[in-house]
Amino acid sequence: MTDEIPVGHAPIVAAITPDGRHVYVTNFGSSSVSVIDTTTRSVIATIGVTSGPWGVTVAPDGLRAYVAGFGSDTVAVIDTTTHRVTASVPGLDKPLGLTVSPDGSRLYVASQGGTG
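Anyway, here's the lowdown on the structure attached to this text.

About the cut-offs
- Residues numbered from 1 in each chain as written.
- Predicted model: local features only at pLDDT ≥ 70, side-chain atom pairs only at ≥ 80, totals over all residues.
- Heavy atoms only, no water.
- Patch = residues over 30% accessible without salt bridge, like charges linked within 9 Å, V, L, I, M, F, W, Y side chains within 5 Å.
- Areas by Shrake-Rupley, 256 points an atom, 1.4 Å probe, with all protein chains shown as cover.
- Salt bridge = Lys/Arg side-chain N within 4 Å of Asp/Glu carboxyl O.
- Helix = DSSP H or I, 4+ residues; strand = E, 2+ residues; numbered from the N terminus.
- Buried < 20%, exposed > 50% of the residue type's maximum accessible area, 1.4 Å probe, protein only.

## Side note on a nonpolar patch on the surface
Taken together, the side chains of Ile12, Phe28 and Trp54 present a nonpolar region at the surface, about 230 Å² in accessible area. Position of Trp54 relative to the elements: it lies in strand β5 (residues 53–58). Note on Trp54: relative accessible area 30%, which makes it partly exposed.

Below you can see the structure in the form of structure tokens.
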């Protein structure tokens, strides 16, 4: 059985929380992140983020989600309890992919831009 859950415009990447309760989906076309409750199979929050959200990952402790802002050269930090952006990491060059180290101490960002 396949369920289709409508999210924002032009969904790109999804990441699930370690406990499996929520899925974060980047919506490139609407500069937002949809939060899906896996129990109810419905969107419970839509979080506005900066231009061109692409990659998303969730910290191993499940407390933060990170969103690559391709169009803004930033990474948005989302509090997964409140579903709000709590910080922005500037100075990147077209970030796309993200992952967090297993201990949660480091965020690794793959960027399309750069030299060389």
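## Examining the pattern of salt bridges
Tallied over the entire structure, the rule returns 3 salt bridges. Notably, a salt bridge pairs Asp3 with Arg41, separated by 2.9 Å at the nearest N-O pair. One end of the pair, Asp3, is in the segment before β1 (11–16); the other, Arg41, is in the loop between β3 (32–37) and β4 (42–48), with 38 residues separating them in the sequence. Taking relative accessible area as the criterion, Asp3 reaches 36% and is therefore assigned partly exposed. What makes Arg41 exposed here is its relative accessible area of 51%. A salt bridge links Lys94 to Asp93; its shortest N-O distance comes to 3.8 Å. Residue Lys94 is classed as partly exposed on the basis of its relative accessible area, which comes to 35%.

Shape descriptors only; they carry no functional weight alone.
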